[in-house]
Amino acid sequence: MTPNADRGTALRADAARNRARVLQVAREQLAAGDDSLMLNAIARLAGVGVGTVYRHFPNRHALLEALLAERFQQLVREAQVAAADEDSLAGLHRLLRFALERALDDAGFAAVLGSASDADARTSAMKAELDHAVAELLDRARRAGAIRHGIEADDVRRLLCGIEHAVRSGDNDAKYAEIYLDVLLEGLRPPR
């Protein structure tokens, strides 16, 4: 059974317990500062077979997506709120700051946000919701003359991931996050 198939049907009680235990152990590992998420080690710590872990999470990225689903849903909600903001530019700024803070706070979140492919259909669906809300926000900002033409939701996500990478590759100082975010916002404005 693949991870996507697991979502389509209800898990047996023991499978659901095992999946929950694996996620709990993985969260504990992350909280302890171990972001390696080695599936074999997690299986051992969770007291389940390696096959059980791989049945639910075929790779590290799939496990990471499952761990971050709630956090990603928060980003989607924030994008929807921003899209409804009367001041589209202020909504975009607030959304970008929110997303950048989360990405800088959690490298795994940044990896899922920036990933070109997803292990789980739910992650793909959340990214589609995110892109829809951001596209709506960008359309409103374009109509208001606040941002240039030709910038799409996917571009904004890539640019944001670029800022996250730039801040991390330096000394991870929050002041650079603000400076780079300001540069991005200025770059989104239409040419004068």
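Thresholds, definitions, all that
Each chain carries its own residue numbering, running from 1 in the direction its sequence is written. Only residues with pLDDT of at least 70 are given local features in this predicted model, and only at 80 or more are side-chain atom pairs given and counted; all residues enter the totals for whole chains, interfaces and linings. Each side-chain value is derived from all of the structure's non-hydrogen atoms; neither hydrogens nor water enter the calculation. To qualify as a helix, a DSSP run of H or I must reach at least 4 residues; to qualify as a strand, a run of E must reach at least 2; elements of each kind are numbered from the N terminus. By this rule, a helix spans an expected 1.5 Å times one less than how many residues it contains. Each residue is placed in one exposure class: buried if its accessible area under a 1.4 Å probe, protein chains only, is under 20% of its type's maximum, exposed if it is over 50%, and partly exposed if it falls in between. Between two residues, a contact is recorded if the distance between any of their heavy atoms is within 4.5 Å. Nitrogen and oxygen atoms within 3.5 Å of one another constitute a polar contact, given that in protein one can donate a hydrogen and the other can accept it, and given that sequence-neighbouring residues count only through two side-chain atoms. Each pair of aromatic rings taken from Phe, Tyr and Trp, with Trp reduced to its six-membered ring, is defined by centres within 6.5 Å and is described as stacked if the planes are under 30 degrees apart, edge-to-face if over 60, and tilted in the remaining cases. A ring is considered to have a charge above it if a Lys NZ or an Arg CZ atom is located within 6 Å of its centre and within 35 degrees of its normal. Within a predicted model, pLDDT stands for the predictor's per-residue confidence, ranging from 0 to 100. Here the nonpolar core consists of buried residues drawn from Ala, Val, Leu, Ile, Met, Phe, Trp, Tyr and Cys, with membership extended through side-chain atoms lying within 4.5 Å. Throughout, an axis means a line fitted to C-alpha atoms (over the contacting stretch in the case of helices), and angles, computed between N-to-C directions, take values from 0 to 180 degrees. Throughout, the term roughly parallel applies to angles under 35 degrees, roughly antiparallel to angles over 145, roughly perpendicular to angles from 65 to 115, and oblique to all others. Crossing handedness follows the turn of the near helix against the far one: under a right angle anticlockwise gives a left-handed crossing, and clockwise gives a right-handed one. Three categories are distinguished: nonpolar for Ala, Val, Leu, Ile, Met, Phe, Trp, Tyr, Cys and Pro, charged for Asp, Glu, Lys and Arg, and polar for the others, with Gly belonging to the last.

Notes on helix H6 (residues 88–105)
Over its 18 residues, H6 runs 26 Å from end to end, which matches the ideal 26 Å to within 8%, given 1.5 Å per residue. Along H6, the residues that are buried comprise Ser88, Gly91, Leu92, Leu95, Leu96, Phe98, Ala99, Leu100, Ala103 and Leu104. Considering only its buried residues, H6 is in contact with helix H5 (60–84), helix H7 (107–114), helix H8 (121–143), helix H9 (153–169) and helix H10 (174–188). Measuring from the side-chain oxygen of the N-cap residue of H6 to the backbone nitrogen of leucine 89 gives 3.2 Å; that N-cap residue is aspartate 87.

What to know about the environment of arginine 122
For arginine 122, the position within the fold is in helix H8. Separated by 46 residues in sequence, arginine 122 and arginine 168 have C-alpha atoms that sit 28 Å apart.

Regarding the packing of aromatic side chains
Two aromatic rings are characterised by how far apart their centres lie and by the angle between their planes. Under the counting rule described, the total for this entry stands at two aromatic pairs. With a centroid separation of 5.9 Å and 50° between ring planes, the pair formed by phenylalanine 72 and phenylalanine 109 is classed as tilted. Remark: phenylalanine 109 occurs in helix H7 and phenylalanine 72 occurs in helix H5; sequence separation between them is 37 residues. Across the pair, phenylalanine 109 and phenylalanine 72 agree in class, each one buried. The ring of phenylalanine 109 has arginine 71 sitting right over it, with the charged end atom 5.9 Å from the ring centre. Residue placement shows arginine 102 over the ring face of phenylalanine 98; its charged tip is 3.7 Å from the ring centre.

A closer look at the confidence of the model for the protein
Predicted confidence across the protein gives a mean pLDDT of 91, with 95% of residues reaching 70 or more. Counting interchain partners and residues more than four positions distant, the pLDDT-below-50 stretch residues 1–6 has 13 contacts.

A few points about the nonpolar core
Judged by nonpolar contacts, the single largest core of 58 residues is most densely connected at Leu63 and Leu96. Looking at this core, the elements that each hand over two or more residues are helix H2 (13–31), helix H3 (39–46), H5, H6, H7, H8, H9 and H10. Ignoring anything within four residues of it in the chain, the contact list for leucine 96 reads Val156, Leu160, Leu181, Leu184, Leu185 and Leu188.

Considering the packing of H5 against H8
For the pair H5 and H8, the least separation of the axes is 9 Å and the interaxial angle reads 20°. The angle between the axes of H5 and H8 places the two elements in the roughly parallel class. The handedness of the crossing between H5 and H8 is left-handed. Only Thr123, Met126, Lys127, Glu129, Leu130, Ala133, Val134, Glu136, Leu137 and Arg140 of H8 make contact with H5, whose side of the interface consists of Glu65, Ala69, Phe72, Gln73, Leu75, Val76, Ala79, Gln80, Ala82, Ala83 and Ala84. In terms of residue class, the contact of H5 with H8 is built from 13 nonpolar, three polar and five charged.

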